[in-house]
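Below are the chains, spelled out letter by letter.
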Amino acid sequence: MNASSAFTTAIVPAAGLGTRFLPTTKSVPKELLPVVDTPGIEYVAREAAEAGAKRLVIVTSPGKEAVVDYFRPRPELESTLEERGKTDLLDKVRRAPALLEVETALQEQALGLGHAVGCAEPNLRGDDDAVAVLLPDDLVLPTGVLARMADVRTRKGGTVLCAFDIPKDQISAYGVFDVEPTADTDVLKVNGMVEKPPADQAPSTFAAAGRYLLDRAVFDALKRITPGAGGELQLTDAIALLIAEGHPVHVVVHRGGRHDLGNPGGFLRAAVDFALDHPEYGDDLRAWLTQRLA
C-alpha cells in the first residue's frame, strides 16, 4: 500500500447549528460562508482530494441540505454562464462538483464529534480500512499534512493525527497529547491524551488539530465508550481506548499555520489573509488596510 492509497474516504462533520454566526446561520449553513469567494468546505474538500480521497461523506443535520447541494452540478446555471461567455465563473461553479464523489450521513442530534463520525459508519465500504476526518472549521495551511499523515500510516499502521506545537500558556484550551519521540522529529508516538489540562499539568505542548486519519477500528471503539460531559461521545475517548488496547497511534506535527472558521473573529482573519493573497483584491485591500490602520 502506498501513501496515496492509505485512504479513499474522507468524513466532514458539518451538522452543527453555527450558533456563533446567528442570525445568518438561521438560513445559510456556516460551512457555506465564503472565505473571499469560496466556502470553507470547498477548501477542506479540495485538501481531502489532493491527499487521495475519492469520496466525501458530509455528516449533516436536518435543514442543512444546502451543504451537500453545493457539490452537485447546476446544469441550468452552467448553460446560462456558457451562453454569456462567462468562462471564468463557469470554471468556479464546476470546481466543487468535480473534486470528488459526495454523499451524506445524517446526525439527528448533536451528541459530539465521536457521535458525528460514528454516523458515517454505514457509508463506509468494505475496503475502507482507514478514513480521514477533516473538521471544516479548521483551515490548516499550507495544505499537505494529510498526505504526510497517510505516509506515516503506511509505514507505522494504526491511527495518525495532526498536532500543532502550542505555546505553553495557551495549551489549556486544547486536547493535548502525551507523546514520545521517534526517529522522525515531527512524528511522535502517542501514549495518551488529556483534554484541556491546566498549563502546569499538560503532558506536552502538542495539541490536536482538526485532521484525523482513523483506523477503521475506531468505529468499534466508539460503540464501547460512554458519553462524557453534556452527554457527548468524544472522538478522543475512542482513540484513548484504542491506545490502551495497544493500537498504534502517532501524530504528525504541522509547522505551518491555521485558521479557525468556527467563530466570527477567526473567520475574519482567514478572509483577510486569503484576500491579501488574491490577485484581484489583494493590492486594493492592502492599500485600504494601511490607510485604515493609520
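Refer to the preceding data block for the structure.
So, here is what we can say about the structure in this document. (Residues numbered from 1 in each chain as written. Predicted model: local features only at pLDDT ≥ 70, side-chain atom pairs only at ≥ 80, totals over all residues. Heavy atoms only, no water.)

1. Some details on the overall build of the chain
In terms of helices and strands, the chain carries 10 helices and 13 strands. Against the globule reference of 19 Å for 294 residues, the chain gives a C-alpha radius of gyration of 20 Å, in line with a compact fold. Each of the three principal axes of the chain carries a C-alpha extent, and together these read 60 × 50 × 40 Å. Taking all 294 residues of the chain together, 47% fall into the buried category. Sequence separation of 24 or more characterises 75% of the internal contacts of the chain that already satisfy a separation of 6 or more. Looking at the chain as shown, the accessible area adds up to about 14400 Å², and 52% of this sits on carbon and sulfur atoms. On the chain, the mean spot of the 31 positive side-chain charges and the mean spot of the 42 negative ones are 1 Å from each other. (Helix = DSSP H or I, 4+ residues; strand = E, 2+ residues; numbered from the N terminus. Rg over C-alpha atoms; globule rule 2.2 N^0.38 Å. Buried < 20%, exposed > 50% of the residue type's maximum accessible area, 1.4 Å probe, protein only. Contact = heavy atoms within 4.5 Å. Areas by Shrake-Rupley, 256 points an atom, 1.4 Å probe, with all protein chains shown as cover. Lys, Arg positive; Asp, Glu negative; His and termini not counted. Charge placed at Lys NZ, Arg CZ, Asp CG, Glu CD.)

2. Focus on the packing of helix H7 (residues 217-224) against helix H8 (residues 235-244)
Between H7 and H8, the shortest axis-to-axis distance is 9 Å and the interhelical angle comes to 110°. On the basis of their axis angle, the class for H7 and H8 is roughly perpendicular. Of H8, the residues touching H7 (which contributes Ala-217, Val-218, Ala-221, Leu-222 and Arg-224) are Leu-235, Ala-238, Ile-239, Leu-241 and Leu-242. Of the residues in the contact of H7 with H8, the class split is nine nonpolar, no polar and one charged. (Axes fitted to C-alpha atoms, helices over the stretch in contact; angles between N-to-C directions. Parallel < 35°, antiparallel > 145°, perpendicular 65-115°, else oblique. Nonpolar A, V, L, I, M, F, W, Y, C, P; charged D, E, K, R; others polar.)

3. Topic: the packing of helix H9 (residues 264-276) against helix H10 (residues 282-293)
Close contact between H9 and H10 brings their axes to 7 Å; oriented N to C, the two are set at 120°. Here H10 runs oblique to H9, going by the angle between their axes. Two secondary-structure elements touch here, H9 through Val-272, Ala-275 and Leu-276 and H10 through Gly-282, Leu-285, Arg-286 and Leu-289. Along the lines of polarity and charge, the residues of the contact of H9 with H10 split into five nonpolar, one polar and one charged.

4. Quick look at the pairing of strand S10 (residues 187-195)
Strand residues, when the strand is regular, have side chains that alternate between the two faces of the sheet. Relative to S10, strand S9 (residues 175-181) is paired through seven bridges, and the arrangement is antiparallel. Within S10, the residue paired with Val-179 across the bridge is Val-190. In textbook terms, the turn of a hairpin is the stretch between consecutive antiparallel strands, and for S9 and S10 this stretch comprises five residues. Note: S10 against strand S12 (residues 249-253), three bridges, orientation antiparallel. Looking at the pairing, Leu-188 lines up with Val-251 of S12. (Pairing = 2+ DSSP bridges.)

5. Quick look at H8
Buried within H8 we find Leu-235, Thr-236, Ala-238, Ile-239, Leu-242 and Ile-243. The buried residues of H8 occupy an angular sector of 160° when projected down its axis, which confines them to one face. On its buried side, H8 packs onto helix H5 (113-119), strand S8 (159-165), S10, strand S11 (206-215), H7 and S12. At the exit of H8 stands Gly-246, carrying a positive phi of roughly 90°. (Arc of directions from axis to C-beta.)

6. Examining the side chain of Lys-64
When you line up the elements, Lys-64 lands in the loop between strand S4 (55-60) and helix H2 (65-69). Its relative accessible area of 8% is what places Lys-64 among the buried residues. Sequence-distant contacts of Lys-64, that is, excluding residues within four places in its chain, are made with Ala-14, Ala-15, Gly-16, Pro-29 and Glu-31.

7. Topic: the pairing of S12
Along S12, five of the five residues are buried, which leaves the element largely enclosed by surrounding structure. Burial along S12 is two-sided: the face carrying Val-249, Val-251 and Val-253 and the face carrying His-250 and Val-252 are both buried. Where S8 and S12 come together, five bridges link them in parallel fashion. The residue bridging Ala-163 from the neighbouring strand is Val-253, located in S12.

8. Here's the deal with the environment of Thr-38
Here Thr-38 shows up in strand S3 (residues 38-39). For Thr-38, a relative accessible area of 3% gives the class buried. Taking the C-alpha atoms as reference, Thr-38 lies 18 Å from Lys-64; in sequence the two are 26 residues apart. The residues contacting Thr-38, other than those within four sequence positions of it, are Leu-33, Tyr-43, Arg-46 and Arg-95. One polar contact links Thr-38 to Asp-37, side chain to side chain, over a distance of 3.2 Å. (Polar contact = N/O pair within 3.5 Å; in protein donor to acceptor, adjacent residues only side chain to side chain.)

9. Looking at the environment of Trp-288
By the element assignment, Trp-288 lies in helix H10. With a relative accessible area of 48%, Trp-288 lands in the partly exposed category. A sequence separation of 265 residues divides Trp-288 from Pro-23, and the C-alpha atoms of the two residues are 29 Å apart.

This is a description of form; function is not addressed.
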